Structures are given as C-alpha cells and as structure tokens.
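# A look at the structure
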Amino acid sequence: MKWAIRDLLNPVVTRSLLYGSNPFDIEYILKKIDHIEKMSGKAIQAVWLSEWQEKINRYTELLEKAEAAGRKTAAREYAKLITQCHYACFMINIEDLDHKKEIYAGLKESYKRYIKLCKNKIEYIEIDTKFGKIPAYIHYPDCGRKKNYPVAVTYSGIGSCKEELEMLAAPLNERGIAVITPDMPGAGAAIIDNNIKCGGKQIEAAIEAIYDHIEKSPKLDQTRMANFGLCMGGGYAFRATVKNPNIKCCVSLFPLLMNFADQNSIPVWMKKGKWSSYQYGDDYLESMKVLEKGTHKADFLMACSDDDNWMSPEATQKLWDKAKGKKEKIYIADKPAYVSEETIMHAMPVGEQYHWVKHEAADFIAARIAGE
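Residues numbered from 1 in each chain as written. Predicted model: local features only at pLDDT ≥ 70, side-chain atom pairs only at ≥ 80, totals over all residues. Heavy atoms only, no water.

## Quick word on the packing of helix α3 (residues 41-68) against helix α5 (residues 97-115)
The condition is simple: Axis definition: a line fitted to C-alpha atoms, limited for helices to the stretch in contact. Angles are taken between N-to-C directions and run from 0 to 180 degrees. Each helix is a run of H or I in the DSSP string that is no shorter than four residues. Each strand is a run of E no shorter than two, and both are numbered from the N terminus. Each angle receives one of four descriptions, namely roughly parallel if under 35 degrees, roughly antiparallel if over 145, roughly perpendicular if within 65 to 115, and oblique otherwise. Crossings are classed by handedness, with left-handed meaning an anticlockwise turn of the near helix from the far one by less than a right angle and right-handed meaning a clockwise turn. The contact definition used throughout considers only heavy atoms, calling two residues in contact when any of these lie within 4.5 Å.
Here α3 crosses α5 at 25°, and the two axes come no closer than 13 Å. As summarised for this structure, α3 and α5 are arranged roughly parallel, according to the angle between their axes. Helix-helix and strand crossings are classified by hand; for α3 and α5 the assignment is left-handed. Only His-99, Ile-103 and Arg-113 of α5 make contact with α3, whose side of the interface consists of Leu-49, Leu-63, Glu-64 and Glu-67.

## Observations regarding the packing of helix α4 (residues 72-90) against α5
We count it as follows: Throughout this entry, Asp, Glu, Lys and Arg are counted as charged residues, while Ala, Val, Leu, Ile, Met, Phe, Trp, Tyr, Cys and Pro are counted as nonpolar. The remaining residues, Gly among them, count as polar.
It is at 9 Å that the axes of α4 and α5 come closest, and there the two elements cross at 160°. By the criterion of interaxial angle, the relationship of α4 to α5 is roughly antiparallel. For the crossing formed where α4 meets α5, the hand is left-handed. Each of Arg-76, Ala-79, Lys-80, Ile-82, Thr-83, His-86, Tyr-87, Cys-89 and Phe-90 in α4 lies in contact with α5, whose residues at this interface are Lys-100, Ile-103, Tyr-104, Gly-106, Leu-107, Ser-110, Tyr-111 and Tyr-114. Broken down by class, the residue content of the contact of α4 with α5 amounts to ten nonpolar, four polar and three charged.

## Let's talk about the nonpolar core
Cut-off, in case you're wondering: Buried residues of nine kinds, namely Ala, Val, Leu, Ile, Met, Phe, Trp, Tyr and Cys, make up a nonpolar core once their side-chain atoms join them within 4.5 Å. Burial classification: accessible surface area is computed with a 1.4 Å probe over protein chains only, and a residue below 20% of its type maximum counts as buried, one above 50% as exposed, and the rest as partly exposed.
Membership of the largest hydrophobic core comes to 82 residues, with the highest contact counts inside it found for Tyr-155 and Met-232. Ranked by residues supplied to this core, first place goes to helix α15 (residues 354-369) with eight residues. Core analysis: the second largest hydrophobic core is formed by 46 residues, Ile-56, Leu-107, Ile-115 and Cys-161 among them.

## What about unusual backbone geometry?
The backbone phi angle of Asn-148 is positive, close to 60°, even though this residue is not glycine. One can find Asn-148 in the loop between β2 (132-139) and β3 (149-155). Using a relative accessible area of 42% as the deciding quantity, one classes Asn-148 as partly exposed. The backbone phi angle of Cys-231 is positive, close to 60°, even though this residue is not glycine. Among the structural elements, Cys-231 can be located in the loop between β5 (220-230) and α9 (232-243).

## Here's the deal with helix α13 (residues 313-322)
To keep things clear, this is the line we draw: The arc in question is the one spanned by the directions pointing from the helix axis to the C-beta atoms.
What α13 keeps buried is the set Ala-315, Thr-316, Leu-319, Trp-320 and Lys-322. Buried residues of α13, viewed axially, fall in a sector of 165°; they line one side. Each element contacted by the buried residues of α13 is listed here: α9, β7 (299-304) and β8 (327-331).

## Thoughts on the pattern of salt bridges
The condition is simple: Salt bridge, as applied in this entry: a Lys or Arg side-chain nitrogen positioned within 4 Å of an Asp or Glu carboxyl oxygen.
Counting across every chain of the model gives 21 salt bridges. Glu-67 serves as the salt-bridge partner of Arg-113, at 2.9 Å between the closest nitrogen and oxygen. Taken together, the residues Arg-113 in helix α5 and Glu-67 in helix α3 connect sequence positions 46 residues apart. Taking relative accessible area as the criterion, Glu-67 reaches 36% and is therefore assigned partly exposed. Across the salt bridge formed by Asp-299 and Arg-368, the nearest N and O atoms sit 2.7 Å from each other. On the criterion of sequence distance, the pair formed by Asp-299 in strand β7 and Arg-368 in helix α15 is long-range, its members being 69 residues apart.

## Regarding the packing of aromatic side chains
To keep it simple, the criterion reads: Working definition: a ring pair exists when centres of Phe, Tyr or Trp rings (six-membered ring for Trp) sit within 6.5 Å. Plane angles under 30 degrees give stacked, over 60 give edge-to-face, the rest tilted. Look at NZ for Lys and CZ for Arg. If either is within 6 Å of the ring centre and within 35 degrees of the ring normal, a charge sits over the ring.
Overall, the coordinates contain twelve aromatic pairs when judged by the stated rule. Consider the rings of Tyr-111 and Tyr-114, whose centres lie 5.8 Å apart with planes at 55°: the pair is tilted. Remark: Tyr-114 and Tyr-111 occur in helix α5; sequence separation between them is three residues, near one turn of the helix. The exposure class of Tyr-111 is buried, given its relative accessible area of 0%. Where Tyr-124 meets Tyr-137, the ring centres are 5.6 Å apart and the plane angle is 70°; that geometry is what we call edge-to-face. Of the two residues, Tyr-124 sits in strand β1 (residues 122-129) while Tyr-137 sits in strand β2, which places them 13 residues apart along the sequence. Among the residues examined, Tyr-137 registers a relative accessible area of 1% and is labelled buried. Counting every residue linked through ring pairs, the aromatic cluster contains Phe-90, Tyr-104, Trp-275 and Tyr-278. Positioned above the aromatic ring of Phe-90, the side-chain terminus of Lys-100 is 4.5 Å from the ring centre. One cation-aromatic arrangement involves Lys-219 over Tyr-140; the distance from NZ or CZ to the ring centre is 5.3 Å.

Remember, this is a structural readout, not a statement about activity or role.
Written out as structure tokens, the structure is:
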C-alpha cells in the first residue's frame, strides 16, 4: 500500500485543524484508527465518530463543573472544545442522511451554548429569501449596542456551515468590524432545516436578501461593507461584490468557481452520493454559471496557490482578471503538509497557511471599512 489509511482523512483533519480542533485530540484519534484490525470506510467512520463522542462527553463534564463553580473563562473554552469536536464529526462524508442531520444538530446546539458564554454579542437571525429562510449569525465586536458598525459578510461553500465561519469572523471582530455569517444555500441549516438547495438562483437570492437585511438594520453601516469568502464562498464573495456597487472591498481565499474548475480533479464524494446529491439543486452546474457574470471595481485581495488541484493557475487567473479595481494577491508557495496523491483538496495549500493569511485578509478589510 503506497499511502497510509489515515491519509484518507486528510481533508477532514485539515478542516478540523482550521476550525481549531486540538491537534493532540486529533492525533490520539488517528492512532486509534491506525489500530483498526479490519480496515474499511465504515470502520474508520465508526472509530472517528465514537472517539470524538468520548471527547465531547469529557469536555461536557468539565464545562458543567466550570459553570457550577462560576468559572466563566474555563466554561467558555470547554464549550468551544465541544463545538470543535462536533465539527470534526460533521466533516465526515456520511451517506446516512438522518445520521448526518443528527450530527449537525449536535454541532448547532453546542455552538449556541458556546456563544452564550462569549464576551462579544453573537446574535442569531433569519434572512428571508424567495426560496426560504437563510439562518445566520451577526458577530459584533463588542456588546452590540452601538450603531453603524462597519460590516463584512462571510461566505463559504458546500459542506460548510455558519458555525464554521466563526474562524473568518473572529479576526474581523478584533478589528472592530461586525460580521454576518450566513448558511448559504446547500450549507448548514439552510439545507438541513430549510431545504434550500445549492444552485445559482438560490445563491443570487441569498446575496440580495443579505444586503436587504443590512440596509434595514440601524446597527450596520451600509456605506462601509466588505465581502469575505473562502473556497466556493470566495466565488460567492466576488459575485456579491459584482452585484452591489457599494461594497468597498472583497477578499477571496482559494476561490472556487465550479464552472472554472477541472471537473476531473473534483473528488467523487463531492459529486456523487446521498449527502452530495441532497445539497445540490437541479441543473446545478448549469445554474452556477450565473456566478461568472460581471466585473467589479472594488479593492480585491485573492489568496491562491499553484498547488490548488481543482482551480488551475489559468482558472484562477480568469477570476483575477475580472477584478477591475485595485487588487493584491497572496501567493502561497509552501507545499501542503496534509497531502497525498489521492486526497489533496484545493483548499489545503492556502488553508494550511490561514493562521497568518487571516491577519493579512482582516487588515486589508479593516483598512478600507474600519479606518485601521
């Protein structure tokens, strides 16, 4: 065998680390997987989920003790660890839809418990679209009692959720910016609870509704807005900037436009299977072509890598050329660490560098809408 079984989990491990899962917890569970006697996909899944559940149980005990003793800082950190454990479970591509929904319900509820313990206000909202309600959070940089906060909208793609988008919101909050983290069509509660599929029309409607919400909110300053997205969300952020000329700047981290991407490089699990099919609308690829329309003149920052195996340098250049205003590029030369021939994802080269890229991105946005 030319690659280790644990390499199959490279995409899951990478995204779990990005979301802040403890690396020692991850390594502990990977070693459990290494010792499976009769290896199979089901066996790997069973060990991964059961071991993370053990971590959840342990951290829940610690959380309850901390809360009972009034130790708020510890309670918050344990609650965050619990959410990160649930997220690691959510990343597994489970074919049993009811089980997948059950796992997401655990993530959603643990996140609600966590944000109640946060120092800044994180407000749950629902944004009406013609396809249904888009669940979202507004992350305020403080108690949320002021008016006219500069605001950034974050976007992610298929297989993601608004809970994951906290990793985009946090560095912006630190710079005084309010952040909207929506479940876009096909993601999180938008698909699981409200059955809003991922498709061009649904995404267009969501973008329009999000900015209608900002316009009606006295707390959010529609003259100081930015878009910030990663993966497919990087493409959404670009399209949202095209659609709204009031946007001051746009940041796209390893942007993915499905019609620009090499379809042969996109893994089977993302294109086929019960979970994948559940997320996509009819005529998905054809409908997504609407996201390619138009150009914008807002300031634009893009992070990319030649090791992106879905978006070729030529495909990335096509998006870059569509930005007509001032623009900057973060080129990632580092080779991805979590990689094997069979399992590399396009997000890995840039995602593995997010620990420093996030500050470049947040400062780029803050300089344009927060005066920093």
